[in-house]
Amino acid sequence: MTGSSGAGPDASGREVSGRGRLGRWRDQVVALGWLVLVWNLLWGDVNWANLVGGLLVGGAVLVFYPLPAVSFGGRLRPGALLVFAGRFAVELVTASLHIARIAVQPGYRPRGAIIGVRLRVPSDLNLALTAEAVSLVPGTLIIEVDRQSATLYVHVLDTHRPSDLATARKRTLAVERRIIRSVGSAAELRLVESRPVEEETEP
């Protein structure tokens, strides 16, 4: 007779164990971490007050406004995460300077456009993370998300040529690729690497 490990099948025959509960807790911790990150980015400064405030707000959101379960099947890659953070900071500064130039340029009237970008990884987590990262950069804003086709509809400021739209689409897909390289699973990583940004077309 073997000893009990605290695990057993449920009514549907699936194995229920502490590992499943650990996975749910891990998903909650990952979600809280991203909420804290977004909170600090919205304030534009990382300090102890914003970190504590982000923890409180993020915890309240997860407790009082629970979202549908989003499974995290990937793994954290610190090196790729640093690359993502560095590229994001560069894009944030570059876009801010571009918007500032538009604001002070006399008589200049920027044109906007809406593009649809179909992501290569259709998971809810990837949709959410990519949408957040794109929206935080000045000059781009997610106005709609189509979960069925994994498509983000992005409003892009200051577009004058078809090449500007193609550049905005490639930039969005590049953000997705860096996110998957940072926290995606091996299967998701193979998916984005096997379909380069240059091969993506308008949905």
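Values in this document were obtained by computation on a predicted structure and should not be read as measured data.

Participant: What am I meant to see in the environment of Val145 here?
Facilitator: Structurally, Val145 is set in strand β4 (residues 140–146). According to the relative accessible area criterion, Val145 is partly exposed, its value standing at 37%. Filtering out sequence-adjacent residues up to four positions away, Val145 remains in contact with Leu127, Thr151 and Leu152.

Participant: I keep staring at the confidence of the model for the chain and nothing clicks. Help me out?
Facilitator: Should pLDDT be low for a region, the predicted coordinates there are not to be read in detail. On average, the chain scores 83 in pLDDT, and the residues at 70 or more come to 81%. Mean pLDDT across the secondary structure elements of the chain bottoms out at strand β2 (residues 15–16), with 43, and peaks at strand β5 (residues 151–157), with 96. Note on residues 1–18: pLDDT is under 50 here. Beyond four places in sequence and across chains, it has 10 contacts.

Participant: Would you mind showing me how to read empty space enclosed by the protein here?
Facilitator: To find the voids left in a structure, one rolls a probe of water-molecule size over its atoms. Taken as a whole and judged by the stated rule, the model has two cavities of 30 Å³ or more. The volume enclosed by the largest cavity comes to roughly 70 Å³. Lining the largest cavity are Glu91, Val134, Val137, Thr140, Ala168, Arg171, Thr172 and Val175. In terms of residues, the lining of the largest cavity owes the most to one element, helix α5 (residues 162–183), which gives four residues. Within this model, the second largest cavity holds a volume of roughly 40 Å³. Lining the second largest cavity are Phe84, Phe88, Glu91, Ala133, Val134, Val137, Val175 and Arg178. Only α3 (78–104), α4 (124–135) and α5 provide two or more residues apiece to the lining of the second largest cavity. Looking at the lining of the second largest cavity element by element, the count peaks at three residues for α3.

Thresholds, definitions, all that
Residues numbered from 1 in each chain as written. Predicted model: local features only at pLDDT ≥ 70, side-chain atom pairs only at ≥ 80, totals over all residues. Heavy atoms only, no water. Helix = DSSP H or I, 4+ residues; strand = E, 2+ residues; numbered from the N terminus. Buried < 20%, exposed > 50% of the residue type's maximum accessible area, 1.4 Å probe, protein only. Contact = heavy atoms within 4.5 Å. pLDDT = per-residue confidence, 0-100. 1 Å grid on protein atoms, 1.4 Å probe; cavity = no way out; pocket = protein on both sides within 12 Å on 5 of 7 lines; lining within 4 Å. Points joined across faces, edges and corners; volume = space filled by probe spheres on them.

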